[in-house]
2 protein chains.
Amino acid sequence: MDHFTYYNPTKVEFGVGKESLIGQHLAEARVKKVLLCYGSDRIKRDGLFDVVTKSLAEKNVQFVLCGGIVSNPVISKVREAISLARLHQVDAILSVGGGSVLDSAKAIAAGVPYTGDVWDLFIGKASIDSALPVFDILTLAATGSEMNSGAVITNEDTKEKFAIQSPLTFPKVSIVNPALMKTVSRDYLVYSAADIIAHAIEGYFTAVDQPRFHSRLVEAIINTVIENTEILLANPDNYAARAEFAWASTQALNGLIYSGTAGYSYPNHMIEHALSALFNVPHGAGLSVVIPAWMKWYQDRNPLQFERFAQNIFGLKTAEQGIAALENWFNKIGTPTRLAQLGITEAHLPATIDIVLTNAKWFGLADIYTKDVATTILKSAL
Amino acid sequence: MDHFTYYNPTKVEFGVGKESLIGQHLAEARVKKVLLCYGSDRIKRDGLFDVVTKSLAEKNVQFVLCGGIVSNPVISKVREAISLARLHQVDAILSVGGGSVLDSAKAIAAGVPYTGDVWDLFIGKASIDSALPVFDILTLAATGSEMNSGAVITNEDTKEKFAIQSPLTFPKVSIVNPALMKTVSRDYLVYSAADIIAHAIEGYFTAVDQPRFHSRLVEAIINTVIENTEILLANPDNYAARAEFAWASTQALNGLIYSGTAGYSYPNHMIEHALSALFNVPHGAGLSVVIPAWMKWYQDRNPLQFERFAQNIFGLKTAEQGIAALENWFNKIGTPTRLAQLGITEAHLPATIDIVLTNAKWFGLADIYTKDVATTILKSAL
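Definitions and cut-offs
- Residues numbered from 1 in each chain as written.
- Chains lettered and ligands numbered in written order.
- Predicted model: local features only at pLDDT ≥ 70, side-chain atom pairs only at ≥ 80, totals over all residues.
- Helix = DSSP H or I, 4+ residues; strand = E, 2+ residues; numbered from the N terminus.
- Rg over C-alpha atoms; globule rule 2.2 N^0.38 Å.
- Buried ≥ 20, exposed ≤ 12 C-beta atoms within 10 Å, placed from the backbone.
- Least-squares fit on C-alpha atoms with pLDDT ≥ 70 in both.
- Contact = placed C-beta atoms within 7 Å.
- Pairing = 2+ DSSP bridges.
- Axes fitted to C-alpha atoms, helices over the stretch in contact; angles between N-to-C directions.
- Nonpolar A, V, L, I, M, F, W, Y, C, P; charged D, E, K, R; others polar.
- Domains from an automatic or database assignment.
- pLDDT = per-residue confidence, 0-100.
- Expected span 1.5 Å × (residues − 1).
- Core = buried A, V, L, I, M, F, W, Y, C linked by C-beta atoms within 7 Å.
- Left-handed = near helix turned anticlockwise from the far one by under 90°.

A.B. asks: Could you give an account of the overall build of chain A, naming the residues involved and the relevant values?
C.D. replies: Regarding its fold elements, chain A presents 14 helices and nine strands. For 382 residues, the compact-globule estimate of 2.2 N^0.38 gives 21 Å, and the C-alpha radius of gyration of chain A, at 20 Å, lies within 12% of that figure. Its C-alpha atoms give chain A principal-axis dimensions of about 60 × 45 × 45 Å. In chain A, which comprises 382 residues, the proportion classed as buried is 57%.

Written out as structure tokens, the structure is:
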């Protein structure tokens, strides 16, 4: 096990009704005015907006609204929100939504005190030296953003989908109420399952050093996601299954399974980011297409771990059986496994591969993911 | 899954040579003078003391020595250290040692700013409103104290072994270098294995709500401890095994497997605390005696989970088989499973049971652990 520093100061408030604590947490942090970020007006229709604003009012926390944040969130919206935050001199960012809203909130929080253009922070032109505190109420369990310091944003002009990460962008308090997630659509539930599994297996297969303890933790996460996705597809109101699904999602990307691995890469995310940046497909849907194709290409680099996966996730024996079982499971739950299902054809591949190669540079993976390799993987996913 | 708040702000510095970072971490926290707590002079003989004091000197951090902290640490020593800390006006406590030293450090840290007697904080006569910051360099992986806010101390006068817990007593920085642990004796290695397994199974069997995700995480911890204990008994210099053992130990008691369980009890610790308070036996050795006896008595209250344990830890089928396999494994690694091995006979039982019953009140378990039950469990461990 390699050396590491583990630090995760986010306080997670988990459970039914916890969203009504938001005013109290903001007041304890001496926050007077927040930029309240959200996506669609769904939060107004389902009553969450009223609960949140009532909680803020009770603690005399003012808010400025910033709605309309979309899936695969974009840097133009982040820029707009930064201007709004400066204009109203907010002293914290509050995200009410899923990973897209929360990632935007982190980018806004880092962008407000930075004097240049916020995209500089994504391309390494400047580092994050200061950030407003971020608080969030999570409405979709998938990205793990609620307990990590990362944020992924798309630049619509350059078609780049890049990330920031800083100890300053951990949420101060994340409120995770699984009951709020029962209205998540069937499609987004299965895309989320694919996203969590992707977070778990990127390191499982690519880690420089993969302690068996970590493999066991990853298997605990994946088996929990598979089991509870099936329960939720049959009964979306099963709170216990929502809760296990959500907490497994948080653990998949909060540093626990990363610590001590000597680092690992995110090739499935790297490839998928090209799909969602170019074609605006849901991130999880893109991942469930990329993963089986990538696994088929990658398996010979880590054959024992692929056998372990087959055995400990599906009770099967060979690497090929494990990959086929995961692909079949994705098909069974109804998340795509073919580019065609996303409307992407062979004619789209050259442009896609260009972006994959650009991403590979940023991910530090250009040596491995050459044009030939990217073509092989994506063609096998057609 | 029940509602919960997860918060663990401890920064863990894990890996070879990390102890030399202690000066830097103290300086970053603006600490000028520490009370340097330790146990025996072993840390002076093996060079650790020199590394630590050199690191402090480089950052101009002064220190006051407080050695001689013993296993099953005692409140008289904590009181003495509090006086010393006040006299020298230290502004942090630095623990260099295992769980006993670290638990003492936490008690000292909470006791310094408290005007009454520190034992008040253990018996609920006063609450912890303030504490000096605690830093530590861990030399034994067992208690999990490096990433939690608890501390267990024995009152020699009353024979009570009680705990404090407060958000203020989380270590700020815990340095865990598994290489420092290769000189741990064979006996203390196996006692530590029993202690970690105890932390993992208390909740596994007694949780009000035991999500399957949590069961899987617990099984990951136990299987890791079993596997790596065996590797280390064969080869104490195996760094990878030390590291997995240490990190599993940390995860067993940092809140991860507790969150969402609606609470659970620590009956094995409750019973064992009577043994170590009365007879000063090593905590882990006491636990490996208590656990099989307790499991035999408790199994009918949670039969499915005991079957799960048999299957997922030992590949066996029935509850009885799982309990026997654990007892056999304790015997195999050489940690005691009978009171007689600790020099405790039937003649000692009445006094022991008295303390167990006192503990049961403090643990909130007096309804379950009556005199009859305590007698049954302890007699079966003779």
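A.B. asks: Report on the relation of the copies chain A and chain B, specifying residues and quantitative values.
C.D. replies: Least-squares fitting of chain A to chain B yields an RMSD of 0.0 Å, with the transformation described by 0.0 Å of translation along the axis and a rotation of 180 degrees. When the rotation and shift are considered jointly, the pair of chain copies conforms to a two-fold rotation axis. Identified as the residue of chain A closest to the rotation axis by C-alpha distance is Pro9(A), at 2.2 Å. An overlap of 100% is found between the interface residues of chain A and their copies at the interface of chain B, pointing to a shared contact surface.

A.B. asks: Before we move on, can you summarise unusual backbone geometry with the specific residues and values?
C.D. replies: In most cases, non-glycine residues show a negative phi, while peptide bonds are predominantly trans. In the Ramachandran plot, Asn72(A) falls in the positive-phi region, its phi being about 50 degrees despite a non-glycine side chain. In this fold, Asn72(A) is placed in the loop between β4 (62-66) and α4 (75-87). The exposure class of Asn72(A) is buried, given the 21 C-beta atoms found within 10 Å. Of note, Asn280(B) is a non-glycine position whose phi angle comes to about 55 degrees, a positive value. Position of Asn280(B) relative to the elements: it lies in the loop between α9 (267-279) and α10 (283-298).

A.B. asks: Please give an account of the sheet that holds strand β3 (residues 33-38) of chain A that cites residues and values.
C.D. replies: What links the strands of a sheet is backbone hydrogen bonding, and the strands pair in either a parallel or an antiparallel sense. Within the open sheet, the seven strands sit side by side as β4(A)-β3(A)-β5(A)-β6(A)-β9(A)-β2(A)-β1(B). Their pairing is mixed. The open sheet has two edge strands with one neighbour each: β4 of chain A together with β1 (4-6) of chain B. The sheet shows a mean angle of 20 degrees between the axes of neighbouring strands, taken without regard to direction. Both strand β6 (residues 134-138) of chain A and strand β9 (residues 173-176) of chain A contribute to a ladder of four bridges, which runs parallel. Bridging from a neighbouring strand, Ile137(A) pairs with Ile175(A) of β9(A). Contacts from α4(A) reach β3 and β4 of chain A within the one sheet, and its direction differs from that of β3(A) by about 160 degrees.

A.B. asks: An account of the interface of chain A and chain B is requested, with residue identities and associated values reported.
C.D. replies: Contacts between the two partners involve 30 residues from chain A, matched on the other side by 30 residues from chain B. When residues of the side of chain A that touches chain B are traced back to their parent elements, those giving at least two are β1 (4-6), β2 (11-14), α7 (212-234) and α8 (239-252) of chain A. The element contributing the most residues to the side of chain A that touches chain B is α7(A), with eight residues. Of the residues that constitute the side of chain A that touches chain B, the class distribution is 16 nonpolar, six polar and eight charged. Here three bridges tie β2(A) to β1(B), and the two strands are oriented antiparallel to one another. Its bridge partner lying in β1(B), Val12(A) is registered against Tyr6(B).

A.B. asks: How would you explain the domain arrangement of chain A if you had to name every residue and give the values?
C.D. replies: Residue and element names in this part refer to chain A. If you check the domain split of chain A, you get domain 1 (11-179) and domain 2 (184-380). Put simply, the middle of domain 1 and the middle of domain 2, counted by C-alpha atoms, are 26 Å apart. Opposite the 20 residues of domain 1 that make contact, domain 2 presents 29 residues. Listing elements by their share of the side of domain 1 that touches domain 2, those giving two or more residues are β2 and β8 (160-165). Of all the elements, β8 adds the most residues to the side of domain 1 that touches domain 2, at three residues. In terms of residue class, the side of domain 1 that touches domain 2 is made up of ten nonpolar, six polar and four charged.

A.B. asks: Account for the confidence of the model for chain A, with residues named and values stated.
C.D. replies: Mean pLDDT for chain A: 96, with 100% of residues reaching 70 or above. Predicted complex metrics record ipTM = 0.96 and pTM = 0.96.

A.B. asks: Describe helix α5 (residues 99-111) of chain A, with residues and values.
C.D. replies: Taking 1.5 Å of rise per residue, the 13 residues of α5(A) would be expected to cover 18 Å, and the 18 Å separating its terminal C-alpha atoms lies within 8% of that figure. Of all 13 residues in α5(A), 13 are buried; the element is thus mostly enclosed.

A.B. asks: Tell me about the nonpolar core, and please be specific about residues and values.
C.D. replies: Note that soluble globular proteins tend to have their nonpolar side chains buried in a common cluster. Core analysis: the biggest nonpolar cluster contains 266 residues, and Cys37(A) and Cys37(B) have the highest contact counts within it. Setting aside residues up to four positions removed in sequence, Cys37(B) forms contacts with Cys66(B), Ile69(B), Ala81(B), Ile93(B), Leu94(B), Ser95(B), Val96(B), Val101(B), Ser104(B) and Ala105(B).

A.B. asks: Provide a residue-level description of the sheet that holds strand β5 (residues 92-97) of chain B, including the pertinent values.
C.D. replies: Across the sheet, seven strands lie side by side as β1(A)-β2(B)-β9(B)-β6(B)-β5(B)-β3(B)-β4(B); this open sheet has mixed pairing. Each of the sheet's edge strands pairs with one partner strand only, and the pair in question is β1 of chain A together with β4 (62-66) of chain B. Strand after strand, the sheet turns through a mean of 20 degrees between neighbouring axes, direction not considered. Bridge analysis of β5(B) against strand β6 (residues 134-138) of chain B gives five bridges, and the strand direction is parallel. Opposite Ile93(B), over in β6(B), you have Val134(B) as the bridge partner. Running over the sheet, helix α5 (residues 99-111) of chain B touches β3 (33-38), β5 and β6 of chain B and is turned about 170 degrees from β5(B).

A.B. asks: For α9(B), give the residues involved together with the corresponding values.
C.D. replies: All names here are of chain B. Between its first and last C-alpha, α9 extends 18 Å over 13 residues, near the 18 Å set by a 1.5 Å rise per residue. Counting buried residues along α9, eleven of its 13 residues qualify, which places the element largely inside the surrounding structure. Among all positions in α9, only Pro267, Asn268, His269, Met270, Ile271, Glu272, His273, Ala274, Leu275, Ser276 and Ala277 are buried. Residues of α9 that are buried make contact with β7 (150-155), β8 (160-165), α6 (186-206), α10, α13 (349-362) and α14 (371-380). Where α9 terminates, the next one or two residues include Asn280, which has phi positive at roughly 55 degrees.

A.B. asks: Explain the packing of α6(B) against helix α8 (residues 239-252) of chain B to me, and be specific about the residues and the numbers.
C.D. replies: All names here are of chain B. Viewed as axis vectors pointing N to C, α6 and α8 meet at an angle of 35 degrees, and their least axial separation amounts to 9 Å. For the pair α6 and α8, the crossing hand works out as left-handed. Of the residues in α8, those touching α6 at Ile196, His199 and Ala200 are Ala248, Ser249 and Ala252. Across the contact of α6 with α8, the residue classes tally to four nonpolar, two polar and no charged.

A.B. asks: Explain the environment of Ser145(B) to me, using residue names and the numbers behind them.
C.D. replies: Following the sequence through the fold, Ser145(B) ends up in the loop between β6 and β7. Setting aside residues no more than four positions away along its own chain, Ser145(B) makes contact with Gly99(B), Leu102(B), Asp103(B), Gly150(B) and Ala151(B).

A.B. asks: So what's going on with the pairing of strand β7 (residues 150-155) of chain A? Which residues, and what values?
C.D. replies: Residue and element names in this part refer to chain A. The pairing of β7 with β8 spans six bridges and is antiparallel. In the strand pairing of β8, Ala151 is matched with Ile164. The turn linking β7 back onto β8 is made up of four residues, and Lys159 within it adopts a positive phi angle of 60 degrees.

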